[in-house]
Amino acid sequence: MRRAFMALLALVLFTAAGYLFFFRDSGEPPQARTPAAAGALEDSSTAPLVSGGTAPSPLAVRLDSAADPIQVKFKKPPRSAVVFDLDTGKVLWRRDPTKVLPIASLTKMMTALVVVERVPEGAKVRITKEALRYTGSGVGVLPRGKWIGVNTMLHGLMLPSGNDAAIALAQRAAGGSEKRFVRYMNEKAEQLGLLCTRFASSSGIVDKGNHSCAADLAAIARAVMREPRLTRIVKRRQAVLPFPIKGGRLWLYNHNPLLRAGYPGTTGLKTGYTDAAGRCLVATARRGAVKLGVVLLDSPDPGKQAMQLLDRGFKASST
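Not measured: the values here are computed from a predicted model.

1. So, the side chain of Ser212
- Its place among the elements puts Ser212 in strand 6 (residues 211-212).
- Only 2.7 Å separates the side chain of Ser212 from the side chain of Thr197, close enough to count as a polar contact.
- Ignoring any residue separated from it by four or fewer positions in sequence, one finds Ser212 in contact with Lys99, Val100, Leu101, Ile103, Cys196, Thr197 and Leu217.

As structure tokens, then:
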């Protein structure tokens, strides 16, 4: 009996020693093997996007080490950018896609996603005094105390980039608290496996603490373009909606430079600007079966650069 016990003890000690040797040699203790940080992300199609063993997000773009199918050189390039296939997540072109930067009103893509999760179609949104204290861009004619259809408010959020609409929608979706809504936005970012992203407001007007990267914004764009309530909105150049003001109609115009220029096949999506973020754009387009997206952060001419990149992307995808 004693001999059997000693043999069992020796086996346990031997196994433990081997286990400790393996992790000592790896340079990391058990449970400490986490994916690369945002600035070193390589292959999001196989590696987890967040630490702790979380499964990779199916919406993440594929930042593998293969050469990009298209090559474009700009005299004044965007600070960060990515061109990607909306269906597969394949990257066609990139420039510092995991560089963390302020994103201005591109924030509203996440605002819209959280709203459609939490506010049913056909619901009403109350125009609060907080919404009317907005700064920056706004719908501008929201009547205090009135209840407006959520679809109309989402148009006001995504077309003219209304910060007043953002606040009212956030309060409606989070029981009156924009602060709670921002927490929902950050929880959604974690669910999507985003690495670079943190939100500080529903509108993006405040740059401090509100940031993302081109790769994460591509994933958010893919999520938006899978939501029918939003795809119907972001593809519109303008909208005329019923509204409780004199005349009974609200006219809204999309800031998207591709829609304004009549770029063929444009399907969305969102613009953004602050002094810190520069001129930002997420644009999507479709030609035949091919659906592409482009993210530009701090671009000197986002409309022109987006069209050049998409032209190259469609040409590469057809060969």
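So, next bit.
2. Section: helix 5 (residues 178-191)
- In a regular helix each residue adds 1.5 Å, so 14 residues correspond to 20 Å; helix 5 covers 20 Å between its end C-alpha atoms and thus fits that length.
- Residues Phe181, Val182, Tyr184, Met185, Asn186, Lys188 and Ala189 constitute the buried set of helix 5.
- Tucked into the core, helix 5 has its buried residues touching helix 2 (108-118) and helix 4 (163-173).
- Of the residues trailing helix 5, Gly193 is marked for its positive phi of about 75°.

3. Overview of the state of the cysteines
- Using the criterion set out here, one finds one disulfide in the structure.
- Two residues share a disulfide in this structure: Cys196 and Cys213, whose sulfurs sit 2.2 Å from each other. Given an S-S torsion of about 70°, the disulfide between Cys196 and Cys213 has right-handed geometry. Taken together, the positions of Cys196 in the loop between helix 5 and strand 6 and Cys213 in the loop between strand 6 and helix 6 (214-224) put the pair 17 residues apart, joining distant regions of the chain.
- Residue Cys213 is classed as buried on the basis of its relative accessible area, which comes to 0%.

4. Brief notes about the sheet that holds strand 1 (residues 80-85)
- Spatially, five strands are ordered 2-1-11-10-9 in an open sheet, and the strand pairing comes out antiparallel. In the strand order of this sheet, the two ends are held by strand 2 (91-95) and strand 9 (266-274), each with one partner. Looking at each pair of strands side by side, their axes are set apart by 5° on average, direction ignored.
- Along the sheet, helix 6 makes contact with strand 1, strand 9, strand 10 (278-287) and strand 11 (290-297), crossing strand 1 at roughly 40°.
- The sheet contacts of helix 9 (residues 302-317) involve strand 1, strand 2, strand 10 and strand 11, and relative to strand 11 the element is tilted by about 145°.

5. Here's the deal with the pairing of strand 7 (residues 238-242)
- In strand 7, alternate side chains face the same way, and those of Ala239 and Leu241 are buried while those of Gln238, Val240 and Pro242 on the opposite face are not.
- In the sheet, strand 7 pairs with strand 8 (residues 249-253) via five bridges, with the strands oriented antiparallel. By the bridge assignment for strand 8, Ala239 is matched with Leu252.
- Taken together, strand 7 and the strand that follows it, strand 8, pair antiparallel across an intervening segment of six residues, in which Gly247 is found at a positive phi of about 100°.

6. Remarks on the packing of helix 2 against helix 6
- It is the contact of helix 2 with helix 6, at a shortest axis distance of 10 Å, that shows an interaxial angle of 40°. Considering their axes alone, helix 2 and helix 6 lie oblique with respect to each other. For the element pair helix 2 and helix 6, the recorded crossing hand is left-handed. Residues Met109, Met110 and Leu113 of helix 2 pack against Leu217, Ile220, Ala221, Ala223 and Val224 of helix 6.
- Here the contact of helix 2 with helix 6 is built from residues that sort into eight nonpolar, no polar and no charged.

The rules we used
Residues numbered from 1 in each chain as written. Predicted model: local features only at pLDDT ≥ 70, side-chain atom pairs only at ≥ 80, totals over all residues. Heavy atoms only, no water. Helix = DSSP H or I, 4+ residues; strand = E, 2+ residues; numbered from the N terminus. Polar contact = N/O pair within 3.5 Å; in protein donor to acceptor, adjacent residues only side chain to side chain. Contact = heavy atoms within 4.5 Å. Expected span 1.5 Å × (residues − 1). Buried < 20%, exposed > 50% of the residue type's maximum accessible area, 1.4 Å probe, protein only. Disulfide = S-S within 2.5 Å. Pairing = 2+ DSSP bridges. Axes fitted to C-alpha atoms, helices over the stretch in contact; angles between N-to-C directions. Parallel < 35°, antiparallel > 145°, perpendicular 65-115°, else oblique. Left-handed = near helix turned anticlockwise from the far one by under 90°. Nonpolar A, V, L, I, M, F, W, Y, C, P; charged D, E, K, R; others polar.

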